[in-house]
Amino acid sequence: MAKLILYHTDGCHLCEQAEQLIKGLVNSHNELLLVDIMTDDQLIADYQVSIPVFKSEQGQQLFWPFTALDVREFLAQAE
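The rules behind the values
Going along each chain's sequence as written, the residues are numbered from 1 onward. Residues qualify for local features only when their pLDDT is at least 70, as the model is predicted, and side-chain atom pairs are given and counted only at 80 or more; totals for whole chains, interfaces and linings, by contrast, use all residues. As a rule here, side-chain values cover all heavy atoms of the structure and leave hydrogens and water aside. Exposure categories follow from relative accessible area, calculated using a 1.4 Å probe and restricted to protein chains: below 20% of the type maximum is buried, above 50% is exposed, and the middle band is partly exposed. Runs of E in the DSSP output that reach at least two residues are strands. Runs of H or I that reach at least four are helices, and both are numbered from the N terminus. The handedness rule is simple: strands pointing away from the viewer, and a clockwise path from the first strand over the helix to the second, make the crossover right-handed. The pairing criterion is simple: DSSP has to find at least two bridges between the two strands. Our working definition of a disulfide is a cysteine sulfur pair at a distance within 2.5 Å.

## As for the pairing of strand 1 (residues 2-8)
For strand 1, the buried fraction is high: six of the seven residues fall into the buried class. Assessed by its sense of winding, the connection that carries the chain from strand 1 through helix 1 (residues 13-23) to strand 2 (residues 30-36) is right-handed. Bridge count between strand 1 and strand 3 (residues 53-56): four bridges; the pairing is antiparallel. Among the inter-strand pairings, Leu4 is bridged to a residue of strand 3, identified as Ser56.

Shown next, in the form of structure tokens:
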């Protein structure tokens, strides 16, 4: 099972859009973790101006804006 992370924060409408998009495409072979960057100073420093960011176990990152096609390709590479 591949672990995938969506870095986000509360009140971010782009993050909500990204979550909806990703949840519609992730299958049962993947575990999607939602990580609020506001819980960690390093995450704030890394992602404050670039959330939402979708990250694979291998460290690949997909930065917003992304489309359904982008997410499908990203998931194929993450498996």
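## Overview of the state of the cysteines
On inspection of all chains with the given rule, the structure shows one disulfide. The side chain of Cys12 participates in a disulfide bridge whose partner is Cys15; the two sulfur atoms lie 2.5 Å from each other. As the torsion about the S-S bond is roughly 75°, the Cys12-Cys15 disulfide counts as right-handed. Of the residues examined, Cys12 reaches a relative accessible area of 15% and is grouped as buried.

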